[in-house]
Amino acid sequence: MKINTRELSTIVDKYHNEKSALIAVLQDVQEEYHWLPPEAIQFVSDKLNIPLIDVYGVATFYRAFSLTPRGEHIVTVCLGTACHVRGAPLVKDRLVNLLKIEPGCTTSDGKFTLESVNCLGACALAPIVVVDGNYHGQTTVKKVDQIIEKYKKKKTKKKTTRKRKK
Ligand code: FES
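As the structure is a computational prediction, the values presented were derived from the model and not from experiment. (Residues numbered from 1 in each chain as written. Predicted model: local features only at pLDDT ≥ 70, side-chain atom pairs only at ≥ 80, totals over all residues. Heavy atoms only, no water.)

Enquirer: Just give me the short version of the nonpolar core, but keep the residues and values in it.
Expert: Membership of the largest hydrophobic core comes to 23 residues, with the highest contact counts inside it found for Leu-8, Leu-22, Val-25, Leu-26 and Val-29. Within the residue set of this core, elements represented by two or more residues are helix 1 (5–14), helix 2 (22–33), helix 3 (38–48) and helix 4 (52–61). Excluding residues within four positions of it along the chain, Leu-8 makes contact with Ile-3, Val-29, Tyr-33, Ala-40 and Phe-43. One finds Val-75, Leu-95, Leu-114 and Val-144 within the second-largest nonpolar core, a separate group that totals 15 residues. (Core = buried A, V, L, I, M, F, W, Y, C linked by side-chain atoms within 4.5 Å. Buried < 20%, exposed > 50% of the residue type's maximum accessible area, 1.4 Å probe, protein only. Helix = DSSP H or I, 4+ residues; strand = E, 2+ residues; numbered from the N terminus. Contact = heavy atoms within 4.5 Å.)

See the structure below:
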């Protein structure tokens, strides 16, 4: 994958090349690419002078980081018991039909990644679909159509590169 080294440099420089800022740097890189491409990990390793194995150690330790390509929008459907008994399988099937991908996959245009989880800890709102961290409770097949339609038109906001105060 072609990475923009100037953009990556800006990210790392923002943290003054501090090794202790590795997690923050990786978060910003992931926000930029929606995942952590190997070339970007190598770049961060070189720039922060942290052994590659240690950067991978952090990247694989935290669930928030992805080492595989992810879409612009992350759609998570809960299939836990409370959601299941309130129609989550139908909601999931609708998402699969709309996005034409199975959970764990990303659409070919890179717009959506579909994931499933076993409980989001908000069972009272079952069935739940979360898109980019926004909870959509008491979801129905009809609501799913509206939600996806809305996100198809929406672009992910890119984080602005700000200088960190020292
Ligand atoms: S089972 Fe879906 S939020 Fe708990």
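Enquirer: I'd like a rundown of the environment of Cys-105, residues and numbers included.
Expert: By the element assignment, Cys-105 lies in the loop between helix 6 (88–99) and strand 2 (112–117). The spatial distance from the C-alpha of Cys-105 to the C-alpha of Val-117 is 14 Å, given a sequence separation of twelve residues.

Enquirer: Lay out helix 3 in plain terms, naming residues and giving numbers.
Expert: What helix 3 keeps buried is the set Ala-40, Ile-41, Phe-43, Val-44, Ser-45 and Leu-48. Turning to helix 3, the residues buried within the fold contact helix 1, helix 2 and helix 4. Two residues or fewer after helix 3 comes Asn-49, characterised by a positive phi angle close to 55°.

Enquirer: Any details on the pattern of salt bridges? Residues and values, ideally.
Expert: Pairing between side chains of opposite charge can happen when their charged atoms approach one another. According to the stated counting rule, one finds six salt bridges in the structure shown. Between Arg-70 and Glu-115 there is a salt bridge, and its shortest N-O distance comes to 2.5 Å. One end of the pair, Arg-70, is in the loop between helix 4 and strand 1 (73–78); the other, Glu-115, is in strand 2, with 45 residues separating them in the sequence. A relative accessible area of 25% places Glu-115 in the partly exposed class. (Salt bridge = Lys/Arg side-chain N within 4 Å of Asp/Glu carboxyl O.)

Enquirer: Before we move on, could you go through the layout of surface pockets and cite the residues and values that matter?
Expert: Rolled over the atoms, a probe with the dimensions of a water molecule shows which regions are left empty. When its volume is computed, the largest pocket comes out at roughly 810 Å³. Along its surface, the largest pocket is lined by 31 residues, and Arg-70, His-73, Ile-74, Glu-115 and Asp-132 are the ones closest to its centre. Counting residues per element, the ones that place at least two in the lining of the largest pocket are helix 2, strand 1, strand 2 and strand 4 (134–136). The class makeup of the residues in the lining of the largest pocket is nine nonpolar, 13 polar and nine charged. The two domains that each donate at least three residues to the lining of the largest pocket are domain 1 (5–61) and domain 2 (73–152). (1 Å grid on protein atoms, 1.4 Å probe; cavity = no way out; pocket = protein on both sides within 12 Å on 5 of 7 lines; lining within 4 Å. Points joined across faces, edges and corners; volume = space filled by probe spheres on them. Nonpolar A, V, L, I, M, F, W, Y, C, P; charged D, E, K, R; others polar. Domains from an automatic or database assignment.)

Enquirer: Before we move on, can you summarise helix 1 with the specific residues and values?
Expert: Among the residues making up helix 1, those that are buried are Leu-8, Ser-9, Ile-11, Val-12 and Lys-14. Here the buried face of helix 1 lies against helix 2 and helix 3. The residue sitting at the N-terminus of helix 1 and contributing the capping side-chain oxygen is Asn-4; that oxygen lies 3.1 Å from the backbone nitrogen of Arg-6. Phi turns positive one or two residues past the end of helix 1, at His-16, with a value near 55°. (Polar contact = N/O pair within 3.5 Å; in protein donor to acceptor, adjacent residues only side chain to side chain.)

Enquirer: An account of the packing of aromatic side chains is needed here, citing residue identities and associated values.
Expert: Enumeration according to the criterion identifies two aromatic pairs in this entry. Ring geometry for Phe-61 versus Tyr-62: centroids 4.9 Å apart, planes at 85°, classification edge-to-face. Residue Phe-61 is classed as exposed on the basis of its relative accessible area of 63%. Of the residues examined, Tyr-62 reaches a relative accessible area of 36% and is grouped as partly exposed. Through a chain of ring-to-ring contacts, three or more aromatic side chains come together here, namely Phe-61, Tyr-62 and Phe-65. (Phe/Tyr/Trp six-rings, centres within 6.5 Å; stacked < 30°, edge-to-face > 60°.)

Enquirer: Break down unusual backbone geometry for me, citing the residues and quoting the values.
Expert: Of the consecutive residues Ala-126 and Pro-127, the connecting peptide bond is found in the cis state with omega at -10°. Structurally, Pro-127 is set in the loop between strand 2 and strand 3 (129–131). We note that His-16 has phi near 55°; this positive angle belongs to a residue other than glycine. With respect to the helices and strands, the residue His-16 is situated in the loop between helix 1 and helix 2. Classification of His-16 by relative accessible area gives partly exposed; the value is 36%. For Asn-17, which is not glycine, the phi dihedral falls at a positive 55°. Residue placement: Asn-17 occurs in the loop between helix 1 and helix 2. Taking relative accessible area as the criterion, Asn-17 reaches 34% and is therefore assigned partly exposed.

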